[in-house]
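Descriptive analysis of the structure
Residue strings, one per chain:
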Amino acid sequence: MESNLLTAEELAAALRAGETTSEDVTDAAITRIEQHDEAINAICVPDFERARAAARGADRARARGEDRPLLGIPVTVKESYDVAGLPTTWGMPLHRHYVPAEDAVQVSRLKAAGAVVLGKTNVPLGLQDVQSFNEIYGTTNNPWDHRRTPGGSSGGSAAALASGFGALSIGSDIGGSLRTPAHFCGVYAHKPTLGLAASRGMVPPQGPAYPAESDLAVVGPMARTARDLTLLLDVMAGPDPLTLGAAYDLTLPPARHERLGDFRVLVLDEHPLIPTGSAVRAGVHRVADALVEGGARVERHSPLLPDLTEAAMLYTHLLFASSAARFPAEAYGRLRTQAHGLGADDQSLDAARLRGTVSSHRDWMEANNGRERHRHGWRQLFAEFDAVVCPVTPTPAFPHDHDPDPMKRRIDIDGVEYPYLDQLVWAGVATMPGLPATAVPAGRSPEGLPVGVQLIGPMFEDRTPLRLAELLEQRIGGFEAPR
């Protein structure tokens, strides 16, 4: 396999053994980007000169006997992270010239671990889409089919990994923004437990980089193998040194099991609010079969599972309450008027989105109490199971759809159209209660598109779904490079 498709673990071993240098590996990555990224458009802000300088510095450090977790390994960073000297726009034309003076805390951790930052990857406008396009940087294409989206909002990172543009990347997730691109592009991603990894400096442009943690949203790793996810999570995990980090050190518990045969897994392939497409259902079944063949205890139903309909409504309320917090007063007023016109019997997801957008603090507190009930339900479920396997979205990657009004878009599920935003309900299964979830490849659709699933684990037991991901990778395979 060419060096650009080696895992971070393989690159680290080759660098330690003196079989290659960071300068050579970085030059190879830059050459590949220059040759192939015009068609993909994953790297929206290259930083090649500083990357070459960092690679030379890594080689000098290794010659002095230093050895850090990512020393000399080329990586990419989602555009939404502050990187000193590079623009942070979140795809918003108003901020195309904004350049922060300091690195985000996660970028600082990457550099402290020795990583070589190649540049930044593309995102949707304001990070608020299941695709990755904006007026500043254009459209990122899926490496498997350029007519389709790589997902969003960490779509540029997933497309970069699938294309061999760096061994690792970091993204963020509130609506599946790590997991959906991984599923669409055939790579791996991990949505950590809420609050596990500090997010300072992953903030809308020109906003102060305070150490406040956003509700629902997390930052997390992306890679081409499950083991690389763990390697990168260990670099990223830990509280912000400006807040909880002043008093606490992080110690994640080990995975519950090391052998596949010891795992107890609940497998879900149906959601009450949206059907699962045949290609994704086949991927879930492929994983379930591998678990059974490996000796795991697999169940398809459990009375302990929190109600998925209620969970989706709570998630939608909390998600849109968070997203609308910065809406202009005039727009907020219009939406408030629309919400007041809803009938009490309208319990659709569209209604939940609108109500959440204009919810009061009292409304939010009620929704948050509902979230705590669900968290307790998940604790009870994880006393009987170690992980839950379920879809990331109902379909593989879909064709680009740039209608400016997402409420008018539709998603095609086996020939039937459904509201575009309804596909988020599967992401919310883990996001609403703040659970860790690892997206893993699970084969390909009949059209040759990647299909993934997510492995949801107990809160703050992130190593459990990550270990299960490693064991599944050994059984059903993992990343394949697009041809």
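For the structure itself, consult the block above.
Structural notes, computed from the coordinates. (Residues numbered from 1 in each chain as written. Predicted model: local features only at pLDDT ≥ 70, side-chain atom pairs only at ≥ 80, totals over all residues. Heavy atoms only, no water.)

Right, let's talk about the overall build of the protein for a bit. Across its full length, the protein holds 14 helices and 15 strands. Computed over C-alpha atoms, the radius of gyration of the protein comes to 21 Å, within 12% of the 23 Å expected from 2.2 N^0.38 for 483 residues, which places it in the range of a compact globule. Principal-axis analysis of the C-alpha atoms places the extent of the protein at approximately 70 × 55 × 50 Å. Looking at the protein as a whole, 59% of its 483 residues qualify as buried. Contacts in the protein between residues far apart in sequence, at least 24 positions, make up 77% of those at least 6 positions apart. (Helix = DSSP H or I, 4+ residues; strand = E, 2+ residues; numbered from the N terminus. Rg over C-alpha atoms; globule rule 2.2 N^0.38 Å. Buried < 20%, exposed > 50% of the residue type's maximum accessible area, 1.4 Å probe, protein only. Contact = heavy atoms within 4.5 Å.)

A word on the pairing of strand E9 (residues 264–267). Bridging between E9 and strand E10 (residues 297–299) involves 3 bridges; their strand directions are parallel. Bridge pairing in E10 links Arg-264 to Arg-297. In terms of handedness, the path from E9 via helix H8 (residues 278–293) over to E10 forms a crossover that is right-handed. Sheet topology note: the E9/strand E11 (residues 387–391) ladder contains 3 bridges and is parallel. Paired with Val-267 across the bridge in E11 is Val-389. (Pairing = 2+ DSSP bridges. Right-handed = clockwise from strand over helix to strand, strands pointing away.)

Axis separation between helix H2 (residues 22–40) and helix H3 (residues 48–63) bottoms out at 8 Å; the angle between their running directions is 160°. Accordingly, the angle class assigned to the pair H2 and H3 is roughly antiparallel. When the axes of H2 and H3 are compared, the crossing they make is right-handed. Residues Ser-22, Glu-23, Thr-26, Asp-27, Ile-30, Ile-33 and Glu-34 of H2 touch H3, and the partners they reach there are Phe-48, Ala-51, Arg-52, Ala-55, Arg-56, Ala-58 and Asp-59. A per-class count over the contact of H2 with H3 returns 6 nonpolar, 2 polar and 6 charged. (Axes fitted to C-alpha atoms, helices over the stretch in contact; angles between N-to-C directions. Parallel < 35°, antiparallel > 145°, perpendicular 65-115°, else oblique. Left-handed = near helix turned anticlockwise from the far one by under 90°. Nonpolar A, V, L, I, M, F, W, Y, C, P; charged D, E, K, R; others polar.)

The analysis is restricted to geometry; functional conclusions fall outside its scope.
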